[in-house]
Amino acid sequence: MKQDMIVILDLGNSENTALARAIRDLGVYSEIYPHDITAEELKALPNVKGVIINGGPNRVVDGVSIDVREEIYDTGCPFMAVDHAPAHCAKKLEAWPADEASMTEVLKEFIFGDCKAEANWNMKNFVEDQIELLRRQVGDKKVLLALSGGVDSSVVAALLIKAIGRQLTCVHVNHGLMRKGESESVVEVFRNQMDANLIYVDATERFLGKLENVADPEQKRKIIGAEFIAVFAEEAQKLEGIEFLGQGTIYPDIVESGTKTAKVVKSHHNVGGLPEDMNFKLVEPLKQLFKDEVRACGLELGLPYEMVYRQPFPGPGLGVRCLGAITRDRLEAVRESDAILREEFANAGLDKTVWQYFTIVPDFKSVGVKNNARCYEYPVIIRAVNTVDAMTATIEQIPWDVLLKITDRILAEVPNVNRVCYDLSPKPCATIEWE
Ligand code: XMP
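Conventions used here
Residues numbered from 1 in each chain as written. Predicted model: local features only at pLDDT ≥ 70, side-chain atom pairs only at ≥ 80, totals over all residues. Heavy atoms only, no water. Near = heavy atom within 4 Å. Polar contact = N/O pair within 3.5 Å; in protein donor to acceptor, adjacent residues only side chain to side chain. Nonpolar A, V, L, I, M, F, W, Y, C, P; charged D, E, K, R; others polar. Pairing = 2+ DSSP bridges. Helix = DSSP H or I, 4+ residues; strand = E, 2+ residues; numbered from the N terminus. Axes fitted to C-alpha atoms, helices over the stretch in contact; angles between N-to-C directions. 1 Å grid on protein atoms, 1.4 Å probe; cavity = no way out; pocket = protein on both sides within 12 Å on 5 of 7 lines; lining within 4 Å. Points joined across faces, edges and corners; volume = space filled by probe spheres on them. Contact = heavy atoms within 4.5 Å. pLDDT = per-residue confidence, 0-100. Phe/Tyr/Trp six-rings, centres within 6.5 Å; stacked < 30°, edge-to-face > 60°. Buried < 20%, exposed > 50% of the residue type's maximum accessible area, 1.4 Å probe, protein only. Lys NZ or Arg CZ within 6 Å of the ring centre and 35° of its normal. Domains from an automatic or database assignment.

Undergrad: Would you mind showing me how to read the site of the ligand here?
TA: Near the ligand you find R221, P314, G315, P316, W355, Q356, A390, K427, T431, I432 and E433, and these make up its full shell. For the ligand, an oxygen atom lies 2.8 Å from a polar atom in the side chain of Q356. At 2.5 Å from an oxygen atom of the ligand is found a side-chain nitrogen or oxygen belonging to E433. By residue class, the composition of the shell around the ligand is 5 nonpolar, 3 polar and 3 charged.

In structure tokens, the structure reads:
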């Protein structure tokens with residue numbers, strides 16, 4: 001391993017993730033571990049240069065104050081304690097400084113002064129390390145990966161291709177609810193440019209068949225999820241000798257900061273729900289990365305910018321934006337209007353400032369006039385939101401001229417549409433998606 005590491009022990013501080021981020025931003029790798037890590041476990045971690053015991057308000061659990069194990073102080077590396085006063089710590093802080101600049105100074109002094117860590121955390125080193133680790137883990141066995149085209153699965157694919165080449169089989173299931181050009185770009189990038197072993201399954205008819213006349217949003221989501229697993233499992237069963245399943249699990253999926261056990265693994269699996277008899281071992285090479293590090297890793301591996309900076313897209317895809325029972329004409333209207341919206345947002349530079357933007361087509365019509373004749377067609381609704389964690393969201397003020405241009409284009413280019421609306425609702429009360 002190339003990277004030096006600073007270990008954060010979670011002793012009830014709710015800001016462990018932010019601390020890990022701050023240390024990584026100084027160029028030193030950092031991971032969070034539960035307070036009760038043993039000396040042996042700590043020693044087994046690679047290149048540990050120092051430990052920060054991060055105390056905080058959640059230190060008292062069920063009326064009992066928790067503490068780290070005494071034995072860890074014998075591991076020989078420098079310790080720093082925050083909001084905690086153990087006898088053996090060289091450095092103690094009552095609390096972290098409130099302002100960022102002072103906090104950075106404290107961190108620098110400990111990391112580079114006391115610990116003598118090197119600022120060698122960068123994506124080039126990470127990729128080199130992971131390639132070596134993946135080769136060691138996988139050996140001459142085969143890995144299967146569900147490649148949705150999302151940021152995480154794309155970066156996992158690129159990393160695995162670098163490490164094990166054609167021992168990786170990628171399966172891309174097109175459920176017919178992808179955005180315009182998206183499945184094509186997965187095939188182009190991975191099969192044609194990166195020479196991946198890619199199985200492309202066009203399951204459009206199968207999905208649309210199952211979804212016919214189903215109007216209830218939850219029911220639609222369930223059908224899409226279950227069908228996805230079924231198609232993926234069918235493809236997997238056709239293959240021989242697969243031992244591992246690749247997954248795009250990332251650090252926020254794993255860490256739950258501010259609890260007495262930092263390493264709680266959430267049941268957050270992209271291809272969770274595979275049949276029991278498909279007993280794969282997992283390969284999760286991004287599980288130590290934050291989202292922006294995943295993107296940097298993707299760029300380092302040569303993935304296109306648009307793929308790496310892709311906006312979030314729900315698993316059920318356009319299926320939850322074609323409201324009610326999905327029909328092909330409305331699905332096309334969502335897909336075409338979404339493509340226009342994305343193009344015009346990119347032209348106006350809004351793709352860099354707006355977190356998520358898309359169109360919705362409801363399942364009712366309104367009256368209009370086209371070519372001097374009455375028409376009765378669907379509206380398109382535009383939604384553009386900003387958020388930090390998708391738990392709450394605010395509405396983006398889009399320049400009027402951009403909205404007018406998008407409206408003109410949708411009305412001129414998208415069949416079966418005679419009206420365009422802009423959704424002004426924040427979350428809460430509204431959710432980001434309409435279904
Ligand atoms: P809501 O609509 O709950 O959406 O405010 C919050 C964020 O989550 C995305 N989303 C999903 N992502 N599978 C996903 O991977 C899903 O089923 C799903 N549903 C919503 C949504 O696009 C938004 O970014």
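Undergrad: So what exactly am I meant to see when it comes to the sheet that holds strand 2 (residues 29–34) here?
TA: Hydrogen bonding along the main chain pairs the strands of a sheet, whether they run parallel or antiparallel. Pairing in this open sheet of 5 strands is parallel, and the strands run 2-1-3-6-7 from one edge to the other. The open sheet has two edge strands, strand 2 and strand 7 (91–93), and neither has a second partner. Each adjacent strand pair in this sheet contributes to an overall mean axis angle of 20°, direction not counted. Sheet analysis places strand 1 (residues 5–11) next to strand 3 (residues 48–55), joined by 7 bridges and oriented parallel. If you follow M5 over to strand 3, its bridge partner there is V48.

Undergrad: Help me understand the layout of surface pockets in this model?
TA: Using a probe with the size of a water molecule, rolled over the atoms, empty space left in the structure can be pinpointed. By volume, the second largest pocket amounts to about 460 Å³. Lining the second largest pocket are 20 residues, with E31, Q130, L133, K287 and Q288 sitting closest to its centre. Elements with a contribution of two residues or more to the lining of the second largest pocket: strand 2, helix 4 (123–138) and strand 12 (281–283). Here the lining of the second largest pocket gets 6 residues from one element, more than from any other, and that element is helix 4.

Undergrad: How should I be thinking about the side chain of N54 in this particular structure?
TA: Of note, N54 is situated in strand 3. Those residues in contact with N54 that sit more than four places away from it in its chain are I8, L9, D10, L11, G12, N13, E15, N16, L19, V82 and W96.

Undergrad: Could you clarify how one ought to interpret the sheet that holds strand 10 (residues 197–202) in this entry?
TA: Strand order in this open sheet of 5 strands is 10-9-8-11-12, and the pairing throughout is parallel. On the outer flanks of this sheet lie strand 10 and strand 12, each paired with one strand and no other. With strand direction ignored, the average angle separating the axes of adjacent strands in the sheet is 30°. Sheet analysis places strand 8 (residues 142–146) next to strand 9 (residues 168–174), joined by 4 bridges and oriented parallel. Residue pairing for strand 9: V143 is matched across the bridge by L168. Set on the sheet, helix 4 makes contact with strand 8, strand 11 (242–246) and strand 12; between it and strand 12 the angle comes to about 165°. Docked against the sheet, helix 6 (residues 182–193) engages strand 9 and strand 10, running at close to 165° with respect to strand 10.

Undergrad: It is not clear to me how the confidence of the model for the chain should be interpreted in this structure. Could you clarify?
TA: Any residue range with low pLDDT should be treated as having predicted coordinates unsuitable for detailed reading. Of all residues in the chain, 96% attain a pLDDT of 70 or more, and the chain-wide mean is 93. Per-residue pLDDT stays below 50 along residues 257–270; that stretch engages in 44 contacts with residues further than four places along the chain or on separate chains.

Undergrad: Help me out: how do you make sense of the packing of aromatic side chains in this one?
TA: The full count for this structure, using the stated rule, is 6 aromatic pairs. Between W121 and F126, the ring centres sit 5.8 Å apart and the planes meet at 80°, which makes this aromatic pair edge-to-face. An angle of 20° between the planes, with centres 4.6 Å apart, marks the rings of F345 and Y357 as stacked. On the criterion of sequence distance, the pair formed by F345 in helix 12 (residues 328–347) and Y357 in strand 13 (residues 356–360) is long-range, its members being 12 residues apart. An identical accessibility class is assigned to F345 and Y357; each is buried. Three or more aromatic residues joined by ring pairs form one cluster here, namely Y29, W121 and F126. Above the face of the F358 ring, R321 is positioned so that its terminal group lies 3.8 Å from the ring centre.

Undergrad: Can you walk me through empty space enclosed by the protein in this structure?
TA: For the coordinates displayed, the defined rule picks out 1 cavity of 30 Å³ or more. Looking at the largest cavity, its volume works out to about 30 Å³. Lining the largest cavity are M1, D129, E132, L133 and R136. For the lining of the largest cavity, the residue count by class is 2 nonpolar, no polar and 3 charged.

Undergrad: Where do I start with the environment of V361 in this structure?
TA: Position of V361 among the secondary structure elements: in the loop between strand 13 and strand 14 (366–370). Distance from V361 to V385, taken between C-alpha atoms, is 17 Å for residues 24 residues apart in sequence. Those residues in contact with V361, other than ones at most four positions away along the chain, are R321, C322, L323, R330, A333, V334, Y378, P379 and V380.

Undergrad: Sorry if this is basic, but what is going on with the domain arrangement of the chain here?
TA: A common way to express how large an interface is: the accessible area buried when the components associate. According to the domain assignment, the chain consists of domain 1 (5–114), domain 2 (123–308) and domain 3 (321–422). Just the C-alpha atoms count here: the centres of domain 1 and domain 2 sit 33 Å apart.

Undergrad: I tried to follow the pairing of strand 11 on my own but got confused; where do I start?
TA: Each regular strand shows side chains that alternate between the opposite faces of the sheet. By the criterion of burial, strand 11 is predominantly enclosed, with 4 of the 5 residues buried. Both strand 8 and strand 11 contribute to a ladder of 4 bridges, which runs parallel. Within the sheet, the bridge partner assigned to K142 lies in strand 11 and is I242. Summarising the sheet, strand 11 and strand 12 pair through 3 bridges and their orientation is parallel. Its bridge partner being in strand 12, G246 is matched across the sheet by V283.

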